[in-house]
Amino acid sequence: MIRIEQPYDEATGRPIPRRTPTSAPYFEAAREGRLSLQKCPRDGFFFYPRAACPECLGDDWSWADVSGHGTVYSYTVERMGLDPAQRSQLPLVVAIVELDEGPRMTSNIVGCPPEEVSVGQAVQVAFEDLGGETLIHFEPADSEPT
Ligand SMILES: [Zn+2]
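Residues numbered from 1 in each chain as written. Predicted model: local features only at pLDDT ≥ 70, side-chain atom pairs only at ≥ 80, totals over all residues. Heavy atoms only, no water.

S.K.: Tell me what's going on with the pattern of salt bridges, and back it up with residues and numbers.
M.R.: In total, this model carries eight salt bridges according to the counting rule given. Residue Arg-34 pairs with Asp-65 through a salt bridge whose shortest N-O separation is 2.7 Å. Within this pair, whereas Arg-34 is found in the loop between α1 (24–31) and β1 (36–40), its partner Asp-65 is found in strand β3 (residues 62–65), the two being separated by 31 residues in sequence. Arg-34 sits in the partly exposed class, given a relative accessible area of 30%. Asp-65 gets classed as partly exposed once you look at its relative accessible area, which sits at 41%. Note that Glu-98 and Arg-104 form a salt bridge whose closest N and O atoms lie 2.8 Å from each other. On the basis of relative accessibility, which here comes to 27%, the residue Glu-98 falls in the partly exposed class. (Salt bridge = Lys/Arg side-chain N within 4 Å of Asp/Glu carboxyl O. Helix = DSSP H or I, 4+ residues; strand = E, 2+ residues; numbered from the N terminus. Buried < 20%, exposed > 50% of the residue type's maximum accessible area, 1.4 Å probe, protein only.)

Next comes the structure, spelled out in structure tokens:
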């Protein structure tokens, strides 16, 4: 069995994402306030970061910024906090956001009460610094950029 050490933010106890060589450019862009995804010259953007395009298996993709705008495709509200590290964030909206460029991202909706989240809602990217990394969330599209 392979055991992978999970880093946690000391102040909040929340887990910090672990970079891989493939995902490092995604996190570097986030740190600079950009949402950057891999783009295949034939099939367009895809997410999550991986070695090959999920459509054609090509490895001639490159990184490119997207608008950071999209819509809520689906969501749920986490209220129980089965992971103790999440409890400080409850209630937590976990959503699938469909970007204007096409890819869907699992993320959190922040900046509004869960009752104000709806399928089809326009959202925009929001950034949160945590433990030396920058997390990608989404917030209502009419929010002041964060
Ligand atoms: Zn492709």
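S.K.: Hey, could you go over the environment of Ser-74 for me, with residue numbers and the actual values?
M.R.: Mapped onto the fold, Ser-74 is located in strand β4 (residues 69–78). Residues Ser-74 and Leu-35, spaced 39 residues apart in sequence, show a C-alpha to C-alpha distance of 20 Å. Contact partners of Ser-74, with chain neighbours within four places excluded, come to Val-94, Ala-95, Ile-96 and Val-119. (Contact = heavy atoms within 4.5 Å.)

S.K.: Break down the pairing of strand β5 (residues 92–99) for me, with residues and values.
M.R.: In terms of strand pairing, β4 meets β5 through eight bridges, oriented antiparallel. Bridge pairing in β5 places Thr-71 opposite Glu-98. Strand direction decides the pairing type here: β5 and strand β6 (residues 104–109), joined by six bridges, are antiparallel. The partner of Ala-95 across the bridge, within β6, is Ser-107. The turn joining β5 and β6, which pair antiparallel and follow one another in sequence, is formed by four residues; a positive phi near 120 degrees is taken by Gly-102. (Pairing = 2+ DSSP bridges.)

S.K.: Before we move on, can you summarise the pairing of β1 with the specific residues and values?
M.R.: Among the five residues in β1, four count as buried, and that is most of the element. Sheet analysis places β1 next to β3, joined by four bridges and oriented antiparallel. Directly across from Leu-37, in β3, lies its bridge partner Ala-64. Sheet topology note: the β1/strand β2 (residues 44–46) ladder contains three bridges and is antiparallel. Counterpart to Cys-40 in the pairing with β2 is Gly-44. Linkage of β1 to β2, two consecutive antiparallel strands, is achieved through a turn of three residues.

These results come straight from atomic positions and should not be treated as a statement about function.
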